[in-house]
Amino acid sequence: MIPFTLLLVILRFTVGRLDVRTAETLHDYAVTHSGVTGLLIVWTDLFGPWPWRIVVTALAVWLLRTGAHRLAVWALATMAAGGLLGSALKVVVGRARPHLPHPVAFAPGESFPSGHALNATLGVGVVVLVVAPMLPRWGRRVAWALACFLALSVGYTRIALGVHWLSDVVAGTLLGTAVIAATAAAFGTWRHEPGRTRAAPPPTPPPDRLGQRV
């Protein structure tokens, strides 16, 4: 939360030079490359806030059916807390979206932080943290790499389409990461009763005469 707070204080009443230069450069490209712009619009809608909310809700339903009730509550609470916090900050900050000539996309509401970047970060974080323990080591690396790509690519589409400043997207990503870290830490405490240590994993059974696991 420290870098997010610093960014919030710095940009409360202003738009930085880097924001303006990035917006103008990417906007010029978007205007002259309609095919790429169309792809960006599809991508930003496909991995927008509501698709991630639906994915996490479906994941929570599956967790409930498998008996992981607390993990299901954590997944839903993380998405809800992050979304509500982001919406509240938009109202408090009240930062206007970029106003560019020949806009290629439109978005309602205030600009800071980016709701798409926030929800994409929350969604990929929740999904990966739930499924990572079920994957081998290489699978976890692939999952985290894919999660980073999805979160960052969604953030890029918001800047490239001219509906958010660069700092909006950075703030949304930072806030989403902070919310996941906070709720994951709280979940780690909640899932263990006070005064009880973490359970050790069961020992690996010895192989039988055929070299297979018992």
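Residues numbered from 1 in each chain as written. Predicted model: local features only at pLDDT ≥ 70, side-chain atom pairs only at ≥ 80, totals over all residues. Heavy atoms only, no water.

Colleague: Is there a simple way to think about the nonpolar core in this case?
Modeller: Ranked by internal contacts, the top residues of the largest apolar core, which has 28 residues, are Trp52, Trp74, Leu122, Val124, Val126 and Val130. Secondary structure elements with two or more residues in this core: helix 4 (49–65), helix 5 (69–93), helix 6 (115–131), helix 7 (137–160) and helix 8 (166–190). Per-element accounting of this core gives the leading share, seven residues, to helix 6. When sequence neighbours within four positions are dropped, the list of residues in contact with Val124 reads Trp52, Ala147, Leu150 and Ala151. Listed in part, the nine residues of the second largest apolar core include Leu40, Ala117, Ala160 and Val169. (Core = buried A, V, L, I, M, F, W, Y, C linked by side-chain atoms within 4.5 Å. Buried < 20%, exposed > 50% of the residue type's maximum accessible area, 1.4 Å probe, protein only. Helix = DSSP H or I, 4+ residues; strand = E, 2+ residues; numbered from the N terminus. Contact = heavy atoms within 4.5 Å.)

Colleague: What is the right way to look at the side chain of Ser153 in this model?
Modeller: Tracing the chain through its elements places Ser153 in helix 7. With relative accessibility at 14%, the residue Ser153 sits in the buried group. Of note is the side chain of Ser153, whose polar atom sits 2.9 Å from the side chain of Trp43. (Polar contact = N/O pair within 3.5 Å; in protein donor to acceptor, adjacent residues only side chain to side chain.)

Colleague: Before we go on, may I ask you to explain the environment of Ala171 in this structure?
Modeller: Note on placement: Ala171 falls in helix 8. Here the alpha-carbon distance between Ala171 and Pro113, two residues 58 residues apart in the chain, equals 5.5 Å.

Colleague: How do you make sense of the packing of helix 6 against helix 7 when you look at a structure like this?
Modeller: Remark: helix 6 packs on helix 7, axes separated minimally by 9 Å, with the N-to-C direction vectors making an angle of 170°. What the angle tells us is that helix 6 and helix 7 run roughly antiparallel. Note on element contacts: helix 7 touches helix 6 through Ala143, Trp144, Ala147, Leu150, Ala151, Val154, Gly155 and Arg158, opposite His116, Ala117, Ala120, Thr121, Val124, Val128 and Leu129. In terms of residue class, the contact of helix 6 with helix 7 is built from eleven nonpolar, three polar and one charged. (Axes fitted to C-alpha atoms, helices over the stretch in contact; angles between N-to-C directions. Parallel < 35°, antiparallel > 145°, perpendicular 65-115°, else oblique. Nonpolar A, V, L, I, M, F, W, Y, C, P; charged D, E, K, R; others polar.)

Colleague: Whenever I open this one, the packing of aromatic side chains confuses me. Can you help?
Modeller: When we look at a pair of aromatic rings, we describe it by the centre distance and by the angle of the planes. Going through the model one piece at a time under the given rule, you end up with three aromatic pairs. Residues Trp43 and Phe47 carry aromatic rings whose centres are separated by 4.7 Å and whose planes lie at 50° to one another, so their mutual orientation is tilted. Trp43 gets classed as partly exposed once you look at its relative accessible area, which sits at 25%. Centroid distance Trp43 to Phe149: 6.1 Å. Interplanar angle 70°. Geometry classified as edge-to-face. Of this pair, Trp43 sits in helix 3 (residues 34–46) while Phe149 sits in helix 7, placing them 106 residues apart in sequence. Residue Phe149 is classed as partly exposed on the basis of its relative accessible area, which comes to 48%. Among the aromatic residues, those joined into a cluster by ring pairs are Trp43, Phe47, Trp52 and Phe149. (Phe/Tyr/Trp six-rings, centres within 6.5 Å; stacked < 30°, edge-to-face > 60°.)

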